[in-house]
Structures are given as C-alpha cells and as structure tokens.
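Report on the structure
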Amino acid sequence: MYPYGSGMPQSSHPSTNEQPNVPFGVGWVTAPVQQNVTHSSPYPPPTAQSYQQQQFQQYPNQHDGAANYLMHASYPSTSTSYPLNVNVSSPPYPTNRADNVAPHQGLHQQYQQYSQSHFNQHPNASYPADRGYTPAMTASYGYESPSHYVQGHGYDYGLDHSYGYGHGYGHEHVQQKLNQHLTAYEEGFDPVKDAHDLRKAMKGFGTDEDKLIEIICRRSNEQRQEIQRQYKTHFGKDLIEDIKSETSANFQKLLVGLLRPIVDYYCAELNDAMAGLGTDEEVLIEILCTLSNLEIHTIKNQYLRLYGAHLESELKSETSGNFKRLLISLCTAARDESGRVDPNKAKEDARELLKAGELRVGTDESMFNMILCQRNYQQLKLIFQEYENMTGHSFEKALKKEFSGDIMEGLIAIYKCVTNKADYFASRLHKSMAGIGTNDKQLIRVIITRCEIDLADIKVAFERLYGKSLKSWIKGDTSGHYKHALYALVGEQRSS
C-alpha cells in the first residue's frame, strides 16, 4: 500500500502489489463505520479501499473522481503494506472500482469503469466540473483551480469550511470535462521525452530555467521519480546532482525538494530540524501534528533507513518537558482512526478538559495530551463543540490561556487540523512571508507537501483570512525563477 514498508515487522505485513492511491501527507480522514472488522493493530486500521474512500469523503476538492486517485500515487508499487488484517463483510462501495482494474487498461478506461459503477450507486450525486487535478496540473492544461465543495453525496463535508457550499454540476457535464482532462493527461506525460528535455535544458552553455519549471513543477511526485529513472538510464547521470550544478539558492532548494520522493523529503525536513545546535520545533509540530498513523509509521521506518536512528529517540534527545511528551505520543501513531463518534463521551471528555485546565489552579497537561493525541478527529470536533457550549469560548482560547511556548503551538496545531486544516496551512504560509524577510524553507516545505493535496483550498483560505491572494504575497516576497516556480506549483499564471 505505502512505499518501503511502514515501520512494522515484515512478518505482520505481507508483501502487496497495491499502489498508494492518494498523495502522501493527506493526514487522518474520517472512516466509514465498518461492521465485522477484525484486526491485529491496537487501533482500527483502514483497508486500502476504505482509505481511498476516506480521502474522497473528507477532501472532495482534491479527490473527486478516479482521476486524482490514479494520478497521485507517490511511489511505484514496490512496497510492504501497513497492517491490513481486515475482513469487511460488505464494502460500502462497488468492488469494480478503478483501483481493481488492470493497469494496462489506461487511465481513461479505468476512470470510465469507476465512474459508471459509482453513478450506478449514486445516480443523484452532483459533482463539480473542475475537480480531480492539482493546481499545477490544472494550470498546465489551462483550467481554473478548484475551490468549491460539493453537496449531494449524503456525506457531511465538515462544519469547518465557510466557503463554496452547494455548487454542483450534472453527471454528463462532469464526465465530459474529466474525460478531456484524462485524455490530455494520459497522452501528455512522456517520462523519456521529459528526461531528454531536461538534459537539453542543462547541457552546454547556460541553463533553460523555464524548461526546468515547465517539467518539474507540473508533474506529480510519482511522475518525477519516473523521469529521474529515465534520466539516469539514458544519460548515466543523476538528475538531482545536475540540477544542483545548474541552479542555485532557493530555486535550487525548491527543485531538489520536488525531485525527492515525498517520504524522503519529510524525513529530511525532520532531520534538518533536529540537526546541529538548537531544534526547529515548528517543523516537528507541522509534520507530526498533521499526518495520519499510517504516514507517521512510514516516515519512522524510512527515517531509520536513511539516518540510522529511530525518530522517537531523536525526538527524546532534542525536546523536553510536556512538549516532548506530546511529540512522543504523536510519534507512537496510535490515534483512534475509526471515525466513530460518541456524543456522551464527548461531553465527558470536555468536562475532564475543563477540570484539568480552567477549573483548577495550574494545568493537568497529561489530560490534554491524552485526549488530543488519542481521540479521532470527528470525536475531537464534538469535544471542542461541547467545550465551547460549556464555557462560551473556543477551545483554542482555552489552550492559549492554559499553555505557552511549544506545547501550546503543538496543541493548537492539532485543534486547527481538526477544525480546518486548510486554515492551518494558510497560516503557515502567511507566517513564512509576514514581517521582515521570508522564511523560504518553511514556504518551500508547505508548497511541496500540499501541492498535490489541498493547495486549492489553502489558497481560498489564505485570501479569506488575510485579505490578499497567495499569489500577491509570493510576488512581494520572492523573485526570479524561484517566484515563477512557486507560481506554477500553486496554479497561478506567470507574471512579471
């Protein structure tokens, strides 16, 4: 399912040829309630199929239709799987979906089969016409980036988005648009041609930076890995090393980050955050507070392979106090991910949090740590609502009152990811560019990790929160080829 194993013993994770069908880094999503489920993990694990359905439910703006499922697998299928000892007696969706079709059938045919089976079961569902492509891909084909949420599936797409409700389109219009996208996409990607074009752009005197941007910034992470393989096969050279020799500064950092496998990129960011003197706690918070159990296990396993050290041990040595305990809890990756909610338990937890904080002298940090690191996101949303009903103010305000420093930032990050993840990452982008100077490392990291997931929503949230477009902020804080590469990744047209 996910690449390079998941940090668990091989004996408990038999090999599989399944590909990941969602971008790595999406984070935890709501799971449909399952019956007759047996598993060996201490928390309810998702199946490969239900995991895709979860992404579809919580991220309609990025994963409507099979197009995105098929295009954004982060790695080729050479992996061991995460615990999947699951027996689901009656899957909630038809079994003849696109991920069960032979790869050689092609994207277009796979989508048609998926589309037919899905609309047979949901004949009244409405879809927006311009979904299923990342901002970078929509820009490359001249379509507008998606920014709407759809109703009509019978799903609740969350109380945490205050924009774009109720905008739907008919099935015929949607299928026609998606078929156009798929045809263009399937015919357009040629890793051999891309490899040769990149070599031509860097060969001889000077470098064609525009060609580098056109190719590297308008491909998915999976496609970039295939381009690198073809580049090395045809020219006997490493693409990343050639990029390093032909570019410099932040433009180089951005391109090299894009060319790394996404899990390796996360590991490198964590390692850099803890290397040398001092620790960049904000990076640890941004990564560990936003990912799912599956993703954290994958990163832990790959971190050990790349750096010869256990991530948990590194966190223990680089942090301290309540913040260390929070990160260790998150690194354990044992959050309940069933998606089941219990209103009575939510009220009980809200009362416990109130007693552990505002109703006593001092703060019982362990109670906050336990509830926020163990409960599933849907249950946490109920808990936060109950807390607000009891106190008359938001849970975030209570966190700011009871905590300070890194532990406060970590708990607030969890709160924001539960209530509105797009707002959280919009605030991270804003912080990277606000004030004097630009935190380019933070700006690059957020753009790279979110550009295949929810950057369209983040752009909308950014403008709503800060009154100006993300493009205008990028224009004011960056320049040259670096600026144009960021434009391509966020789905904006190039400007002077």
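Our subject in this report is the structure included herewith. Given the structure is predicted, the values throughout are model-derived calculations rather than measurements.

**Structural notes on the side chain of R450**
Mapped onto the fold, R450 is located in helix α23 (residues 440-450). With residues up to four places along the chain from it excluded, the contact list for R450 reads G25, V26, K421, F425, L455 and I458.

**Remarks on helix α14 (residues 293-307)**
Because an α-helix packs 3.6 residues into every turn, residues spaced three or four apart end up facing the same way. Taking 1.5 Å as the rise per residue, α14 with 15 residues should run 21 Å; its terminal C-alpha atoms sit 21 Å apart, in good agreement. Those residues of α14 lying buried are N293, L294, E295, I296, H297, T298, I299, N301, Q302 and Y303. Note on α14: the residue one or two positions beyond its end, G308, has a positive phi of about 65 degrees.

**Let's talk about the packing of aromatic side chains**
For the structure on display, the rule yields 12 aromatic pairs. Connected via pairs of aromatic rings, a cluster forms that spans F368, F384, Y387, F395, F403 and Y415. One Lys or Arg, R199, reaches over the ring of F235 and ends 6.0 Å from the middle of that ring. Taking the ring centre of Y487 as reference, the NZ or CZ of K471 above it sits at 5.2 Å.

**Concerning unusual backbone geometry**
Glycine aside, negative phi is the norm for most residues, and most peptide bonds take the trans geometry. Look at A249: it is not a glycine, yet its phi comes out positive at around 55 degrees. A relative accessible area of 55% means that A249 is categorised as exposed. Of note, the phi angle at A333 is positive, near 55 degrees, even though the residue is not glycine. By secondary structure assignment, the location of A333 is in the loop between α16 (321-332) and α17 (343-356).

**Details of the nonpolar core**
In globular proteins that are soluble, nonpolar side chains generally tend to be buried together. L198, I243, L254, I299, L315 and F395 are the most contacted members of the largest nonpolar core, which totals 101 residues. Examining the composition of this core, we find that nine residues originate from one element, helix α21 (residues 405-419), more than from any other. Look past the residues within four positions of I243 in its chain and what remains in contact with it is M202, L212, I216, L255, V256 and L259.

**Focus on the packing of helix α22 (residues 421-433) against helix α24 (residues 455-466)**
Close contact between α22 and α24 brings their axes to 8 Å; oriented N to C, the two are set at 65 degrees. Judged by the angle between their axes, α22 and α24 are roughly perpendicular. Every pair of crossing elements has a handedness; the one defined by α22 and α24 is right-handed. In this structure, α22 contributes A422, D423, F425, A426, S427, L429, H430 and M433 to the contact, and α24 contributes D457, I458, A461, F462, R464, L465 and Y466. Here the contact of α22 with α24 is built from residues that sort into 10 nonpolar, two polar and three charged.

**Quick look at the environment of Y466**
Counting through the fold element by element, Y466 comes out in helix α24. Judged by its relative accessible area of 25%, Y466 falls in the partly exposed class. With 36 residues separating them along the chain, Y466 and H430 place their C-alpha atoms 8.1 Å apart. When neighbours within four sequence positions are excluded, Y466 is seen to be in contact with A426, S427 and H430.

**A few points about the side chain of N369**
Here N369 is to be found in helix α18 (residues 365-374). According to the relative accessible area criterion, N369 is buried, its value standing at 13%. Setting aside residues no more than four positions away along its own chain, N369 makes contact with R325, L326 and S329.

What counts, and at which threshold
Residues numbered from 1 in each chain as written. Predicted model: local features only at pLDDT ≥ 70, side-chain atom pairs only at ≥ 80, totals over all residues. Heavy atoms only, no water. Helix = DSSP H or I, 4+ residues; strand = E, 2+ residues; numbered from the N terminus. Contact = heavy atoms within 4.5 Å. Expected span 1.5 Å × (residues − 1). Buried < 20%, exposed > 50% of the residue type's maximum accessible area, 1.4 Å probe, protein only. Phe/Tyr/Trp six-rings, centres within 6.5 Å; stacked < 30°, edge-to-face > 60°. Lys NZ or Arg CZ within 6 Å of the ring centre and 35° of its normal. Core = buried A, V, L, I, M, F, W, Y, C linked by side-chain atoms within 4.5 Å. Axes fitted to C-alpha atoms, helices over the stretch in contact; angles between N-to-C directions. Parallel < 35°, antiparallel > 145°, perpendicular 65-115°, else oblique. Left-handed = near helix turned anticlockwise from the far one by under 90°. Nonpolar A, V, L, I, M, F, W, Y, C, P; charged D, E, K, R; others polar.

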